[in-house]
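Coordinate inspection notes
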Amino acid sequence: MNTLYSFRRCPYAMRARMALRYSGVEVNIVEVSLKAKPAEMLALSSKGTVPVLSVDGRVIDESLEIMRWALAQNDPQDWLLKDDPQGQQHCAALIEENDQVFKAHLNRYKYAERYPEQPMTFYRAEGEVFLRKLNELLEGRDYLLAGHPSLADIALMPFVRQFAHVDREWFGQTPYGRLQVWLQRFIESELFTSVMVKTRSP
């Protein structure tokens, strides 16, 4: 049986679970306690971070690689934009900006007390640059790069959600109306709600 070591609230694990669920790949999800990581997970991946997928004797311990592996098995809505090379490039660039730049701003905003060099609002403003960009991409369409979800939407959504939830009242009053609707659509979707169901830790 394929096994995914996951932590329910980790955005990297969320996006991996969403891709696996969407593609219909059967996985046994093991909810990991980050304070007491299971020995079998550490034996598979010495990094000690979730998600880790053990499948067909292979170990994949990067969330984006897990997503791409799942979509290679089955991609009914064309999340990979297979006939759109420009869309694929745009997708890769957005994910890289999210993972390398926006995630750093998100960490500082969410845990501002650990970064006393600047006020919380400073880190929030740095993150807003990306939110504005996403809001502009949603002009005239429901998803970031196409008329349907793509890998970019799913890869970014858990991080945008985390940013929005630091101060929900603030996010609700921002001018990013299209992004608010986009996020809410995913939060209420069967795909997201199904992967957020609590599973018992081993």
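Residues numbered from 1 in each chain as written. Predicted model: local features only at pLDDT ≥ 70, side-chain atom pairs only at ≥ 80, totals over all residues. Heavy atoms only, no water.

If you check an unreviewed UniProt entry, the protein appears there as Glutathione S-transferase from Pseudomonas cucumis.

Structural notes on helix 8 (residues 177-187)
As a reminder of what qualifies: Exposure is judged per residue with a 1.4 Å probe applied to protein chains only, and the accessible area is read against the type maximum: over 50% gives exposed, under 20% gives buried, and values in between give partly exposed. We count a stretch as a helix when DSSP gives it H or I for four or more residues in a row; a strand needs E for two or more, and each element gets its number in order from the N terminus. In this context, the arc is that of the directions from the helix axis out to the C-beta atoms.
Among the residues of helix 8, Leu 179, Trp 182, Leu 183, Phe 186 and Ile 187 are the ones counted as buried. The arc enclosing the buried residues of helix 8, seen along the axis, measures out at 135°, which places them on a common side.

Considering the pattern of salt bridges
Heads up, the condition is: Within this document, salt bridges are pairs made up of a side-chain nitrogen of Lys or Arg and a carboxyl oxygen of Asp or Glu, the two lying within 4 Å of each other.
Tallied over the entire structure, the rule returns 6 salt bridges. The closest approach of N and O atoms between Arg 21 and Glu 190, which form a salt bridge, is 3.0 Å. Here Arg 21, found in helix 1 (residues 11-23), pairs with Glu 190, found in helix 9 (residues 190-195); they are 169 residues apart in sequence, far enough to count as distant. Taking the shortest distance from any N to any O, the salt bridge between Glu 62 and Lys 47 comes out at 2.7 Å.

Digging into the sheet that holds strand 4 (residues 58-60)
As a reminder, the rule being used: Following DSSP output, two strands are said to pair if at least two bridges run between them. Axis definition: a line fitted to C-alpha atoms, over the contacting stretch in the case of helices. Angles run 0 to 180 degrees between N-to-C directions.
An order of 2-1-3-4 is seen for the 4 strands of this open sheet, with the pairing classed as mixed. Both outer strands of the open sheet, strand 2 (28-31) and strand 4, are each paired with one neighbouring strand and no more. Sheet twist, expressed as the mean angle between neighbouring strand axes with direction ignored, is 20°. In terms of strand pairing, strand 3 (residues 52-55) meets strand 4 through 3 bridges, oriented antiparallel.

Structural notes on the packing of aromatic side chains
The condition is simple: When two rings of Phe, Tyr or Trp (its six-membered ring) have centres within 6.5 Å they constitute a pair, described as stacked for plane angles under 30 degrees, edge-to-face for angles over 60, and tilted for the intermediate range. The criterion for a charge sitting over a ring is simple: Lys NZ or Arg CZ within 6 Å of the ring centre, and within 35 degrees of the ring normal.
Per the counting criterion, the structure on display carries 12 aromatic pairs. Ring centres of Tyr 109 and Trp 170 lie 6.5 Å apart, and the angle between their planes is 70°; this geometry places the pair in the edge-to-face category. With Tyr 109 in helix 4 (residues 85-110) and Trp 170 in helix 7 (residues 168-172), this pair connects stretches of sequence that are 61 residues apart. Across this residue pair, the class does not change: Tyr 109 and Trp 170 are buried. When the centroid spacing of 5.6 Å and the interplanar angle of 80° are considered together, the rings of Phe 122 and Tyr 123 count as edge-to-face. In this structure Phe 122 comes out as partly exposed when scored by relative accessible area, which is 34%. The ring of Tyr 115 is capped by Arg 108, whose NZ or CZ atom sits 5.1 Å from the centre of that ring. Sitting above the plane of the Tyr 111 ring, Arg 114 keeps its charged end 4.1 Å from the centroid.

Examining the environment of Val 25
Operational definition: Residues count as neighbours in contact if any of their non-hydrogen atoms are within 4.5 Å of one another.
Position of Val 25 among the secondary structure elements: in the loop between helix 1 and strand 2. For Val 25, a relative accessible area of 16% puts it in the buried group. For the pair Val 25 and Leu 71, spaced 46 residues apart in sequence, the C-alpha separation works out to 9.4 Å. Non-local contacts of Val 25, meaning those with residues more than four positions away in its chain, are made with Asn 2, Leu 20, Trp 69 and Gln 73.

Regarding the pairing of strand 1 (residues 3-6)
Condition: Handedness of a crossover is defined as follows: orient the strands so they point away from the viewer, and if the path from the first strand over the helix to the second runs clockwise, the crossover is right-handed.
Side chains of strand 1 alternate between two faces, with Thr 3 and Tyr 5 and Leu 4 and Ser 6 buried alike. Here strand 1 runs beside strand 2; their pairing, made up of 4 bridges, is parallel. Note that in strand 2 the partner of Ser 6 across the bridge is Glu 31. After leaving strand 1, the chain enters helix 1 and then returns to the sheet as strand 2, a path that is right-handed. In terms of strand pairing, strand 1 meets strand 3 through 3 bridges, oriented antiparallel. From the neighbouring strand, Tyr 5 faces strand 3, where its bridge partner is Val 52.

Details of helix 4
Cut-off, in case you're wondering: One fewer than the residue count of a helix, multiplied by 1.5 Å, yields its expected span. Take the seven residues that end at a residue and the seven that start at it, fit an axis to each, and the angle between those axes is the bend at that residue.
With 26 residues, helix 4 should reach 38 Å at 1.5 Å per residue; the first-to-last C-alpha distance of 35 Å fits that figure. Within helix 4, the axis deviates most sharply at Phe 102, by approximately 40°. Within helix 4, burial applies to Gly 87, Cys 91, Leu 94, Ile 95, Asn 98, Asp 99, Phe 102, Lys 103, His 105, Leu 106 and Tyr 109. Buried residues along helix 4 sit in contact with helix 1, helix 3 (63-73), helix 5 (120-137), helix 6 (151-166) and helix 7.

As for a positive patch on the surface
To keep it simple, the criterion reads: Residues enter patches when their relative accessible area tops 30% and they take part in no salt bridge; the joining distance is 9 Å for like charges and 5 Å for the nonpolar side chains Val, Leu, Ile, Met, Phe, Trp and Tyr. Accessibility throughout is a Shrake-Rupley quantity obtained with a 1.4 Å probe, and a residue counts as covered only by protein chains that appear here. His is not counted, nor are the chain ends; Lys and Arg add positive charge and Asp and Glu add negative charge. A charged residue contributes its charge at one atom only: NZ of Lys, CZ of Arg, CG of Asp or CD of Glu.
Taken together, the side chains of Arg 9, Lys 110, Arg 114 and Lys 198 make up a positively charged region of the molecular surface. The class of Lys 198 is exposed, set by a relative accessible area of 66%.

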